[in-house]
Amino acid sequence: MKVLGLTGGMGMGKSTVATLLRKAGLPVFDADAEVRRQQSVPGPVLDGIQAMVPGAVCSGVLDRGVLRQAVMEQPDLLPRLEALIHPHVRRARARFLAFWRARGARWVVLDIPLLFETGMQRQCDHVLVVSAPRWVQARRVAARRGMTQAEARALMARQTPDALRVRGADTVLRTGRSMKETRRQVRRFVRMLRV
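Residues numbered from 1 in each chain as written. Predicted model: local features only at pLDDT ≥ 70, side-chain atom pairs only at ≥ 80, totals over all residues. Heavy atoms only, no water.

Enquirer: What exactly am I supposed to notice about helix α3 (residues 44-52) here?
Expert: Structurally, the α-helix is built with 3.6 residues per turn, so residues lying three or four positions apart point the same way. Here α3 has its buried residues at Val45, Leu46, Gly48 and Ile49. Viewed along the axis of α3, the buried residues span an arc of 160 degrees, placing them on a single side of the element. Residues of α3 that are exposed and point more than 90 degrees away from the buried face comprise Pro44, Asp47 and Ala51. (Buried < 20%, exposed > 50% of the residue type's maximum accessible area, 1.4 Å probe, protein only. Helix = DSSP H or I, 4+ residues; strand = E, 2+ residues; numbered from the N terminus. Arc of directions from axis to C-beta.)

Below you can see the structure in the form of structure tokens.
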């Protein structure tokens, strides 16, 4: 079984590409979805978040706005949150890989925003980076999160620069044009995987 690492900054279109890969029949592990799942069930993750950010969890429900504000205000908070959550995500990823290996899958996709930051690219047979022009990225992030473009750019500045991701890619998929063009690129990429 071969592993495709899929990554890209926020607003680049990575989730859209992951959906297209899933529709093409490739099993996809979505690290962000697993983080959200861990943050939505009672247990060690929510308890840990509450201990780090009092008021972020109310009646067993995470207030993402409170958590996001705390992360913006406390630069040391994000690494502590990642240290809390990442072991749970790693275990879920290992279960996903074992499941699909046992079923004889030829390729699986690990959709991981922090692929390079966590060193996971070394466990992948091929790395696909989704990229778009910075102005497109800022527009998408602002629209999705209900913020100004200046706020979106400040949030984007905290991420690994797109140029570094692109440099580490085996394939770069450009999503700054039309959806039709993105679909065409994904179809061509999937055909290449199946050769």
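Enquirer: What should I look at first to understand the pairing of strand β6 (residues 126-131) in this one?
Expert: Put simply, side chains in a regular strand alternate between the two faces of the sheet. Across the 6 residues that make up β6, a large majority, 6, are buried. Burial of the side chains of β6 extends over both faces: His126, Leu128 and Val130 are buried on one face and Val127, Val129 and Ser131 on the other. In terms of strand pairing, strand β1 (residues 2-7) meets β6 through 4 bridges, oriented parallel. Note on β6: the bridge partner recorded for Thr7 is Val129. Alignment of β6 against strand β7 (residues 171-174), held across 4 bridges, turns out to be parallel. Considered in β7, the bridge of Val129 is made with Val172. (Pairing = 2+ DSSP bridges.)

Enquirer: I'm lost on the nonpolar core in this one. Help?
Expert: The nonpolar side chains of soluble globular proteins are, as a tendency, buried together. Among the nonpolar cores identified, the biggest contains 31 residues, and Phe29, Ile49, Leu62 and Leu110 are the most heavily contacted of them. Breaking this core down by element, the ones donating at least two residues are α3, α4 (64-73), α5 (77-102), β5 (107-111) and β6. Sorting elements by how many residues they give to this core places α5 first, with 8 residues. Those residues in contact with Leu62, other than ones at most four positions away along the chain, are Gln39, Leu46, Ile49, Ala56, Val57 and Leu67. One finds Leu26, Ala132, Phe189 and Leu193 within the second-largest nonpolar core, a separate group that totals 20 residues. (Core = buried A, V, L, I, M, F, W, Y, C linked by side-chain atoms within 4.5 Å. Contact = heavy atoms within 4.5 Å.)

Enquirer: Honestly, the sheet that holds β7 in this entry has me stumped. Any pointers?
Expert: The strands making up a sheet associate through backbone hydrogen bonding, with each pair oriented either parallel or antiparallel. Strand order in this open sheet of 5 strands is β2-β5-β1-β6-β7, and the pairing throughout is parallel. Of all the strands in the sheet, just β2 (28-30) and β7 have a single pairing partner and so form its edges. Shown here is a sheet whose adjacent strand axes are inclined to one another by a mean of 20 degrees, direction ignored. Judged from the 3 bridges that link them, β2 and β5 form a sheet pairing that is parallel. If you follow Phe29 over to β5, its bridge partner there is Leu110. Its contacts with the sheet put α5 on β1, β2 and β5, and the angle it makes with β5 is roughly 165 degrees. Packing against the sheet, helix α9 (residues 179-194) makes contact with β1, β5, β6 and β7, and its axis sits at approximately 155 degrees to β7. (Axes fitted to C-alpha atoms, helices over the stretch in contact; angles between N-to-C directions.)

Enquirer: Before we go on, may I ask you to explain a positive patch on the surface in this structure?
Expert: A contiguous patch of positive charge on the surface is contributed by Lys23, Lys180, Arg183, Arg187, Arg188 and Arg191. At 5 residues, α9 tops the list of elements feeding residues into the positive patch. With respect to the helices and strands, the residue Arg183 is situated in helix α9. (Patch = residues over 30% accessible without salt bridge, like charges linked within 9 Å, V, L, I, M, F, W, Y side chains within 5 Å. Areas by Shrake-Rupley, 256 points an atom, 1.4 Å probe, with all protein chains shown as cover. Salt bridge = Lys/Arg side-chain N within 4 Å of Asp/Glu carboxyl O. Lys, Arg positive; Asp, Glu negative; His and termini not counted. Charge placed at Lys NZ, Arg CZ, Asp CG, Glu CD.)

Enquirer: How should I be thinking about α4 in this particular structure?
Expert: Taken residue by residue, α4 has Leu67, Ala70 and Val71 as its buried positions. Down the axis of α4, the buried set is contained in an arc of 100 degrees. They therefore lie on one face. Packing partners of the buried residues in α4 comprise α3, β4 (61-62) and α5.

Enquirer: I keep staring at the packing of helix α2 (residues 31-38) against α5 and nothing clicks. Help me out?
Expert: Closest axis-to-axis distance for the α2/α5 pair is 10 Å, and the angle between their directions is 120 degrees. Comparing the axis directions of α2 and α5 gives the class oblique. For α2 against α5, the interelement crossing comes out right-handed. Two secondary-structure elements touch here, α2 through Ala31, Glu34, Val35, Arg37 and Gln38 and α5 through Ile85, His88, Val89, Ala92 and Arg95. The class makeup of the residues in the contact of α2 with α5 is 5 nonpolar, 2 polar and 3 charged. (Parallel < 35°, antiparallel > 145°, perpendicular 65-115°, else oblique. Left-handed = near helix turned anticlockwise from the far one by under 90°. Nonpolar A, V, L, I, M, F, W, Y, C, P; charged D, E, K, R; others polar.)

Enquirer: Explain the environment of Ala138 here, please?
Expert: Turning to its location among the elements, Ala138 is positioned in helix α6 (residues 134-145). Residue class for Ala138 comes out buried when judged on its relative accessible area of 0%. Between the C-alpha atoms of Ala138 and Met192, which are 54 residues apart in sequence, the distance is 31 Å.

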